Amino acid sequence: MTETKLRWGVISTANIGRAAVNPAIRASSNGELLAVASREEERAREFAEKWDIARHYGSYDALLDDALLDAVYIPLPNSMHRE
Ligand SMILES: NC(=O)c1ccc[n+]([C@@H]2O[C@H](COP(=O)([O-])OP(=O)(O)OC[C@H]3O[C@@H](n4cnc5c(N)ncnc54)[C@H](OP(=O)(O)O)[C@@H]3O)[C@@H](O)[C@H]2O)c1
């Protein structure tokens, strides 16, 4: 039987992602941390390298357009959550 994992994208390189959510996805049996986006391409690239994340984007919209993702975690400042 093939195991299907939920493929996550994380919007931003926020502290909460680094400290808690990314490790939690990694530790889960059914989650895969597939992509990260940052306002700065270089920051996204460095973050992806450090966390061994396969895909990185220099804009949040580019990550949202990634059809391979199943779910997106949004650790932006509270005022930006809705948008
Ligand atoms: N820290 C905690 O312990 C904790 C606990 C529970 C919940 N939360 C929630 O998690 C969310 C993120 O908190 P955090 O402490 O991890 O925040 P943070 O480290 O400041 O990260 C927020 C990220 O949002 C992005 N961003 C986009 N526009 C921004 C702007 N105008 N100003 C600042 N950042 C901007 C930045 O990522 P890029 O530069 O990569 O785009 C930044 O790294 C909040 O909703 C907070 O309430 C945090």
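These remarks concern the structure in this document.

Re the overall build of the chain
Here is step 1 of the chain: When you go through the chain residue by residue, the secondary structure sums to 3 helices and 4 strands.
Here is step 2 of the chain: Secondary structure elements in the chain, listed N-terminal to C-terminal, are β-α-β-α-β-α-β.
Here is step 3 of the chain: Relative to its length of 83 residues, the chain is compact, with a C-alpha radius of gyration of 12 Å against a globular reference of 12 Å.
Here is step 4 of the chain: Residue burial in the chain is summarised as follows: out of 83 residues, 36% are buried.
Here is step 5 of the chain: In the chain, the share of contacts with a sequence separation of at least 24, taken over all contacts with a separation of at least 6, comes to 57%.
Here is step 6 of the chain: Summing over all exposed atoms, the chain offers an accessible surface of approximately 5500 Å²; the carbon and sulfur share of this is 49%.

Criteria and cut-off values
- Residues numbered from 1 in each chain as written.
- Predicted model: local features only at pLDDT ≥ 70, side-chain atom pairs only at ≥ 80, totals over all residues.
- Heavy atoms only, no water.
- Helix = DSSP H or I, 4+ residues; strand = E, 2+ residues; numbered from the N terminus.
- Rg over C-alpha atoms; globule rule 2.2 N^0.38 Å.
- Buried < 20%, exposed > 50% of the residue type's maximum accessible area, 1.4 Å probe, protein only.
- Contact = heavy atoms within 4.5 Å.
- Areas by Shrake-Rupley, 256 points an atom, 1.4 Å probe, with all protein chains shown as cover.

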